[in-house]
Structures are given as C-alpha cells and as structure tokens.
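An overview of the molecular structure
What follows is each chain in one-letter form.
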Amino acid sequence: MSRVYTQTFDEQSGNQLPNKTRCPECDGRIRADGGERACEDCGLVVEERRIDHGPEWRTFEDDTESKSRVGAPRTTTRHDRGLSTNIGYKHDAGGKQLSGKKRRRLHRQRREHSRAQFDSKQERNEMYGLAEIRRLHGALDTPKSMWERACELFRAAQRKGLFVGRSLDAFTAGTLYAACRCAGLPRQIEAFAEHARCPLQKLRNAYQVLNIELDLEAQFRTPSDFMPKLASEGELAPEARRLARRLVDTVESKETTGGGRPSSVAAACVYIASQVADPKPVTQAAVAEAAHVSANTIRSRRGEIRKAVDIEALRG
C-alpha cells in the first residue's frame, strides 16, 4: 500500500502546502486532469492553471540538448516571408530510408506543391526577383542590411507596376545598387553589371526609374569614398597611401575637378601617389580597371590635379 502524504512541497517558494484530496463542497475525490484539479462527483474545479515546472522548450532534433524554441524568424528576403514548406526526398524525420512507394508519393506531392505555390504571375516574378537579389548579394558580398533593403525596394517597385515592359533582371540588380547608394556605400554600377544578367545600359535605366518613381534618397559620393578601396587593390605602400589621402582631401577642398566622376578623381590621386611615393608603382591600366574607368580618363584627371596641386609640398 502506497504511503499517503498529508503535505506537498511548493518548488517556487520552498514551503510545504496541505494536500487537498477531498472536495470542499461534497467531500468527493479530487482528480488532476489537463493542468486542473476537479471533483469527480460535483465537477468543482479546485485548482486551475497549475505551474508546469518542467522545461519550457521542446525539440524534434536528434540532439536532445538543443533548446531551440522556435524556427527561423520571418524575413523580407523570401517571397513567402520564410514560412514556406519543404518536402523531403529520401529520408524521414528520424533519418530512416524511405521505401520506393513513399518516395514516389513524395515526388507527386512536391510536384503539386510546386504548382500550387503561386497564385499569380506577380508572385512568381517576386520569387524569381528575390532569389536573383540573393544571388547578387552573395556574388558582390554586400552587407545583409543592403540585401534586406533591396528586397523592400523590389516589392515597392512591383506594387507601383514599374516592371511592365521592362527587364526584371535589370531591376533586381538595380534595387541592390539603389540600396547601396542610399546607404552611401562606395559601390559602382559597373561592378553590379558584371554579375547581373542584363547589359549595363539596362541596369542604368532601371536605376533611373527606381530613383525617380520611388524618390530614393541617394547619398552624394566623393572621391574620398573610393580612395581606400582603390589603394587596397593597388597594394600601395603606406607612404603612398598617406600621400593619396592628402591629395584627395586637397582636391576636394579646392574643387579642382568639378563635375568629374568621383571614382576617376580618386583613381587619378592613387595613380599619382603611386608614381611619386611607391617603390612599385601601379600602372594606369590597373588603376583604371579597378575604378571602372578608361586609362584616358585617368590621364585627363591627372593633368588637372597636377596643375592645381603642389604634389611635392604635400609629400614633404
């Protein structure tokens, strides 16, 4: 015969409590069911919403130590906000091999799921566009915040009907470039065109449409924004880097090359500093390729800078 205790122990306060096994109304038997303690005879609920002192998490993984409480968070980078359903292939949740009959059934389910995944062509275009933005984000190594911002711009452009009669590939690259421009990142559109599935001119046109229709707040860029990247790609010596920085600051303060492309001005400053203070100077072709400009443009900016700035004074 089991021993009956007249008191119980409260794990929260550490105090002993009386064990109520009889109904206070009819003196019937108390039964615990579903977190409640109720009388079997009259149905009186004596206690409800009892505290569960067990773990508040559960796991379906093989690793029982995992305390993950939820799945992946909702994200703007997926067309379904990350709430999609994926049907497996050869193994079940326990890792066991599926039979041929079950694999054929899963194949049919995947096919029907793929057909019913989109209700309209607009949703299909959204899925393709966001996947393309994810590919460009990985190829260009842009920050994750730019990836998310580009997806928001893509949806805004789709809601305004900007894709009608235009290249969808151009807008996927254009939204990522627009996100970088709004954040002030020194990224050039030619670098996006190298990985985009559209010509450079279509990409320029898509960005212009986005800039006008969505009223983007693109940041103004200066030669100093491009100088660190060009100096790093040219592998300039420390002395040449310092000279290039002083040269860029002087050119910006004097507005020597007004109207010139900022990347070309920065490339010319890097080239001049490399020729003057670097034991292994870089070539015009290498600097021009890194800045996505022509060597003729480098020579033109170099002549303008040499006429307006005393380079030897800056070096000293």
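Heads up: the structure comes first, above all this text.
Read on for a plain summary of the structure. Here the structure is a predicted model, which means the values were calculated and not measured. (Residues numbered from 1 in each chain as written. Predicted model: local features only at pLDDT ≥ 70, side-chain atom pairs only at ≥ 80, totals over all residues. Heavy atoms only, no water.)

Another aspect to go through is the environment of Leu-168. By the element assignment, Leu-168 lies in helix H4 (residues 168-183). On the accessibility criterion, Leu-168 (18% relative accessible area) is buried. The spacing of Leu-168 and Cys-198 is 30 residues in sequence and 9.1 Å in space, taken between C-alpha atoms. Apart from residues no more than four positions distant in its own chain, Leu-168 is found in contact with Asn-125, Tyr-128, Phe-154 and Phe-163. (Helix = DSSP H or I, 4+ residues; strand = E, 2+ residues; numbered from the N terminus. Buried < 20%, exposed > 50% of the residue type's maximum accessible area, 1.4 Å probe, protein only. Contact = heavy atoms within 4.5 Å.)

This paragraph deals with the sheet that holds strand S3 (residues 30-33). In space, the 3 strands of this open sheet follow the order S3-S4-S5, with antiparallel pairing throughout. Strand pairing shows two members of the sheet lacking a second neighbour, S3 and strand S5 (45-47), which therefore form its edges. Each strand axis lies, on average, 35 degrees off the axis of its neighbour in the sheet, ignoring direction. In this structure, S3 lies alongside strand S4 (residues 36-39), joined through 4 bridges in antiparallel fashion. Across the sheet, Asp-33 pairs through a bridge with Glu-36, a residue of S4. (Pairing = 2+ DSSP bridges. Axes fitted to C-alpha atoms, helices over the stretch in contact; angles between N-to-C directions.)

With respect to the secondary-structure elements, Arg-221 resides in the loop between helix H6 (200-213) and helix H7 (223-233). The buried charged residue Arg-221 lacks any salt bridge partner; its closest oppositely charged side chain belongs to Asp-225, at an N-O distance of 6.4 Å. Within the structure, the side chain of Arg-221 is placed 2.6 Å from the backbone oxygen of Arg-187, a separation counted as a polar contact. In this structure Arg-221 touches Tyr-177, Arg-181, Leu-185, Pro-186, Arg-187, Gln-188, Phe-226 and Pro-262, once residues within four positions along its chain are discounted. (Lys, Arg positive; Asp, Glu negative; His and termini not counted. Salt bridge = Lys/Arg side-chain N within 4 Å of Asp/Glu carboxyl O. Polar contact = N/O pair within 3.5 Å; in protein donor to acceptor, adjacent residues only side chain to side chain.)

This brings us to the packing of H7 against helix H8 (residues 238-254). Relative placement of two packed helices is described by the angle separating their axes and the distance separating the axes. As a packed pair, H7 and H8 sit with axes 10 Å apart at the nearest point and diverge in direction by 160 degrees. By the criterion of interaxial angle, the relationship of H7 to H8 is roughly antiparallel. Two packed elements cross with a definite hand, and for H7 against H8 that hand is right-handed. Contacts between H7 and H8 involve Pro-223, Ser-224, Met-227, Pro-228, Ala-231 and Ser-232 from the first element and Arg-241, Ala-244, Arg-245, Val-248 and Glu-252 from the second. Considered class by class, the residues forming the contact of H7 with H8 number 6 nonpolar, 2 polar and 3 charged. (Parallel < 35°, antiparallel > 145°, perpendicular 65-115°, else oblique. Left-handed = near helix turned anticlockwise from the far one by under 90°. Nonpolar A, V, L, I, M, F, W, Y, C, P; charged D, E, K, R; others polar.)

Turning to the pattern of salt bridges, a few remarks are in order. Under the criterion given, the structure shown has 9 salt bridges. Glu-132 serves as the salt-bridge partner of Arg-197, at 2.4 Å between the closest nitrogen and oxygen. Highlighted residues: Arg-197 in the loop between helix H5 (189-195) and H6 and Glu-132 in helix H2 (residues 121-140), separated in sequence by 65 residues. For Glu-304, the salt bridge identified is with Arg-301, shortest N-O distance 3.1 Å. With a gap of 3 residues between them, Glu-304 and Arg-301 both fall in helix H11 (residues 295-308), about one helical turn apart. Sharing partners across several salt bridges, the network here consists of Glu-132, Arg-135 and Arg-197.

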